[in-house]
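Here is what each chain is made of, one letter per residue.
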Amino acid sequence: MASGSQLEAIKRAKVLMVGAGGIGCELLKTLALSGFQDIYIIDMDTIEVSNLNRQFLFRQSHVGQSKAKVARDAVLKFRPHINITPRHANIKDPEFDVEFFKKFNVVLNGLDNLDARRHVNRLCLAAEVPLVESGTTGFLGQVTVHVKGKTECYECQPKPTPKSYPVCTITSTPSKFVHCIVWAKDLLFAKLFGDKNQENDLNVRSSDGTNSTNPTEDVFERRTDEDPEQYARKIYDHVFGYNIEVALTNEETWKNRNKPRPLYVRDVLPDNLIQQNGSLENCVTEESVVSSMSSLGLKNPQDIWSLSENSRIFLEALRLFIEKRQKDIGNLTFDKDDQLAVEFVTAAANIRASSFGIPLHSLFEAKGIAGNIVHAVATTNAIIAGLIVIEAIKILQGDFENFRMTYCLEHPSRKMLLMPVQPFEANKSCYVCSETPLLLEINTRTSKLRDFVEKIVKNKLGMHSPLIMHGLTLIFEAGDGLEEDVVANYALILDKALAELPAPVTSGTVLTVEDLHQEFSCNINIKHREEFDEEKEPDGMVLAGWIAPIQKDTRVVSNGESTSTAHPAVTEMVEKSDEVEIAREKLGTKRKLSEMSEMIDHVHDVKPCSSHEVGDQVNPQEVEDNDDDDDIVILDENPETRKKKRFQ
């Protein structure tokens, strides 16, 4: 039962909730039932069928509607007298600026991606509003508290980024199924159904030896006299047959690798199967979705299709795109909720995998890899939502001494499933809250300004409306409100090498990069470097700067957390118990480091991993795209690897 002071603090509080998905639904319900009276909720997503198994405020009839608005309506049915303001919007929109954040007593995050988390963190720092971060993946979860001047900020520790692969690995020498998925999704699907003018690393030259007058013909262009079946077979033979044969001519590549096998339709499918490869009458599912599986009578998405079945799906899916979704071609990007797109990518990846001797996967597995899906557990979301509210109440009461980062474990350790840890002090070398300069190693003679803006400023630093200064000279700016002639002038210099800019950027240059919306700026020291390892440094540049705290021998057992702090995930607790029991101690109870160290002695199979490995574990698919459902989170390093400074 809450005390009088707690109830008063709760009733007066203005709460900003960001995210109304897996965690958000549980959080809004828990806030309402705990007595909070004034809640502002922002979410840009609409409800999908796949949300309904765990986001209990939504029903089938709500599919396609705003998550924030439906969540509000659902909660008001049992708490009609509280004030909930829903916004179907992007938290990164300019209207949600520092002044907007200052209206609230606390911000509660239930987000699904690193970019938005960083954005909210910076606005909370600028507005000096406490932030409670959270995340879940399966049975694992965490809640962390970030208060300016008292704890570390969300970005005080490095975050693992989605794994990327050199183009040569994807196009020429795949060795994992994820390589085949990336090839099928980001190269083949994009080439066939996306922007035709976009650069693409697929070999598009015609393999038709009779066409000597036009040797540069783009094989992906469908001729007017080609029916969909002929076109589909041509694409199949080109990407799985001819291109593999071309790759095999480079004998040096295959000295220490297994050679791939060229595949042609005639070798995989008998003529009678090609002729009978689907029925337009049966291509629509009960949910009125165009599907090649339905057309071919394949029902179970967890079956692993044979090479022949994958080939039939590939040909049928391509035909259905042409005959049923012609108007979409040219504007499509891969969407995990697009059934036909998932079928096409699954089949293409499996055919390529078969060619390179890589095990095949089911559509269910391939969809998870291509869509970066980590399957959620509703109970974990509920536990984490409750912990968020507990920390929010402590913040509202000013109970800083009892703030806790709490980790939810998959297996009980010494009969404990919840592991509370005192928050850490700010990292003095954090480039966000401590303004420490960064170092960028880059080839200033060959790297373009566009590369710097996209790969470093936007992707690495998470800025959306950047302004780049070289001393007093403005090099580049982006964002709403710029005059057309200014935008045109910047567009002209984006493809210039850094050293060729009007204010040349060379080794020793210090650039100031700022985002006025986030009220965040940092300095970047430039160091020229001639060469980069394509495998280990595929971006062709390396950003460094803030150093992770020194590792101590004393270790703390906890589960990995979301991208909020970088902790190696605890992969397996071997001390299992049939008795599942939540920690008996109160969450506010402080633990001595000696006690925490003693506990880890009972955990024998925990393999600490680098942030690189952690990204692999939590996101085993290692696919670049990380824009997914609301429950996805990347677990990071363990608190034992970090400096054991606690705020006082």
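Residues numbered from 1 in each chain as written. Predicted model: local features only at pLDDT ≥ 70, side-chain atom pairs only at ≥ 80, totals over all residues. Heavy atoms only, no water.

- For the protein chain, an unreviewed UniProt entry supplies the name SUMO-activating enzyme subunit and the organism Cocos nucifera.
- The UniProt entry for the protein chain carries the following text under Subcellular location (unreviewed entry): "Nucleus". (UniProt positions renumbered as here; feature names shortened; annotations may be inferred.)

1. Considerations on the overall build of the protein chain
Argument step 1. Summing up its helical and strand segments, the protein chain has 19 helices and 14 strands in all.
Argument step 2. When the 648 residues of the protein chain are sorted by exposure, 53% land in the buried category.
Argument step 3. Contacts spanning at least 24 positions in sequence make up 71% of the contacts within the protein chain whose residues lie at least 6 apart.
Argument step 4. Carbon and sulfur atoms form 47% of the exposed surface of the protein chain, whose accessible area is close to 29000 Å². (Helix = DSSP H or I, 4+ residues; strand = E, 2+ residues; numbered from the N terminus. Buried < 20%, exposed > 50% of the residue type's maximum accessible area, 1.4 Å probe, protein only. Contact = heavy atoms within 4.5 Å. Areas by Shrake-Rupley, 256 points an atom, 1.4 Å probe, with all protein chains shown as cover.)

2. Some details on the pattern of salt bridges
Argument step 1. If you walk through the whole model with that rule in mind, you get 29 salt bridges.
Argument step 2. As a salt-bridge pair, Lys-148 and Glu-128 come within 3.9 Å of each other at their nearest N and O atoms. One end of the pair, Lys-148, is in the loop between strand E6 (140–146) and helix H6 (167–171); the other, Glu-128, is in the loop between helix H5 (114–127) and strand E5 (131–137), with 20 residues separating them in the sequence.
Argument step 3. Take Lys-148: its relative accessible area is 48%, and that puts it in the partly exposed class.
Argument step 4. In this structure Glu-128 comes out as exposed when scored by relative accessible area, which is 58%.
Argument step 5. One salt bridge connects Glu-316 with Arg-319, and the closest N-O pair in it is separated by 2.6 Å. (Salt bridge = Lys/Arg side-chain N within 4 Å of Asp/Glu carboxyl O.)

3. Quick word on the packing of helix H8 (residues 228–248) against helix H13 (residues 339–355)
Argument step 1. At a minimum axis distance of 11 Å, the contact between H8 and H13 shows a crossing angle of 20°. By the angle between their axes, H8 is roughly parallel relative to H13. With respect to the hand of their crossing, H8 and H13 are arranged in right-handed fashion. Facing Tyr-236, Phe-240 and Ile-244 of H8, the residues of H13 in contact are Ala-348, Ile-351, Arg-352 and Ser-355.
Argument step 2. Taken together, the residues of the contact of H8 with H13 break down into five nonpolar, one polar and one charged. (Axes fitted to C-alpha atoms, helices over the stretch in contact; angles between N-to-C directions. Parallel < 35°, antiparallel > 145°, perpendicular 65-115°, else oblique. Left-handed = near helix turned anticlockwise from the far one by under 90°. Nonpolar A, V, L, I, M, F, W, Y, C, P; charged D, E, K, R; others polar.)

4. As for the pairing of strand E3 (residues 83–88)
Each regular strand shows side chains that alternate between the opposite faces of the sheet.
Argument step 1. As judged from the six bridges shared by strand E2 (residues 38–43) and E3, these two strands associate in the parallel manner. The partner of Ile-42 across the bridge, within E3, is Arg-87.
Argument step 2. Handedness of the β-α-β unit built from E2, helix H3 (residues 67–76) and E3 comes out right-handed. (Pairing = 2+ DSSP bridges. Right-handed = clockwise from strand over helix to strand, strands pointing away.)

5. Here's the deal with helix H14 (residues 363–370)
Argument step 1. Within H14, burial applies to Leu-363, Ala-366, Gly-368, Ile-369 and Ala-370.
Argument step 2. Those residues of H14 that are buried lie in contact with helix H7 (177–193), helix H11 (292–296) and H13.
Argument step 3. Immediately beyond the C-terminal end of H14, within one or two residues, lies Asn-372, with a positive phi of roughly 55°.

6. Some points on the sheet that holds strand E1 (residues 14–18)
Argument step 1. Pairing is mixed across the open sheet formed by eight strands, whose spatial order is E3-E2-E1-E4-E5-E6-E7-E8. Strand pairing shows two members of the sheet lacking a second neighbour, E3 and strand E8 (416–421), which therefore form its edges. The average undirected angle you get between the axes of adjacent strands in this sheet is 15°.
Argument step 2. Alignment of E1 against E2, held across five bridges, turns out to be parallel. Looking at the pairing, Val-15 lines up with Ile-39 of E2.
Argument step 3. In the packing of H5 onto the sheet, contacts are made with strand E4 (106–109) and E5, and the angle to E5 comes to roughly 165°.

7. Considering the side chain of Ser-295
Argument step 1. Assignment of secondary structure puts Ser-295 in helix H11.
Argument step 2. Separated by 2.6 Å, the side chains of Ser-295 and Glu-316 make a polar contact. (Polar contact = N/O pair within 3.5 Å; in protein donor to acceptor, adjacent residues only side chain to side chain.)

8. Observations concerning the environment of Leu-57
Argument step 1. Counting through the fold element by element, Leu-57 comes out in the loop between E2 and H3.
Argument step 2. When the C-alpha atoms of Leu-57 and Val-75 are compared, they prove to be 7.7 Å apart, with 18 residues separating the residues in sequence.
Argument step 3. Those residues in contact with Leu-57, other than ones at most four positions away along the chain, are Cys-25, Leu-28, His-62, Val-70, Ala-71, Ala-74 and Val-75.

9. Structural notes on the sheet that holds strand E14 (residues 541–544)
Argument step 1. One open sheet accounts for six strands, arranged E11-E10-E12-E13-E9-E14; its pairing is mixed. Each having just a single partner strand, strand E11 (473–477) and E14 make up the two edges of the open sheet. In this sheet, adjacent strand axes meet at a mean angle of 25° when their direction is disregarded.
Argument step 2. Judged from the six bridges that link them, strand E12 (residues 510–515) and strand E13 (residues 520–528) form a sheet pairing that is antiparallel.

10. Some remarks on the nonpolar core
Argument step 1. Trp-183, Leu-188, Tyr-236, Phe-314 and Phe-344 are the most contacted members of the largest nonpolar core, which has 60 residues in total.
Argument step 2. Those elements that place two or more of their residues in this core are H7, H8, helix H9 (265–268), H11, helix H12 (307–324), H13 and H14.
Argument step 3. Ranked by residue count, the leading element in this core is H7, at 12 residues.
Argument step 4. For Phe-314, the contacting residues outside a window of four places in its chain are Leu-188, Ala-232, Ile-235, Tyr-236, Phe-240, Phe-344, Ala-347, Ala-348 and Ile-351.
Argument step 5. By size, the runner-up hydrophobic cluster in this structure holds 45 residues, among which are Leu-28, Leu-31, Ala-74 and Leu-76. (Core = buried A, V, L, I, M, F, W, Y, C linked by side-chain atoms within 4.5 Å.)

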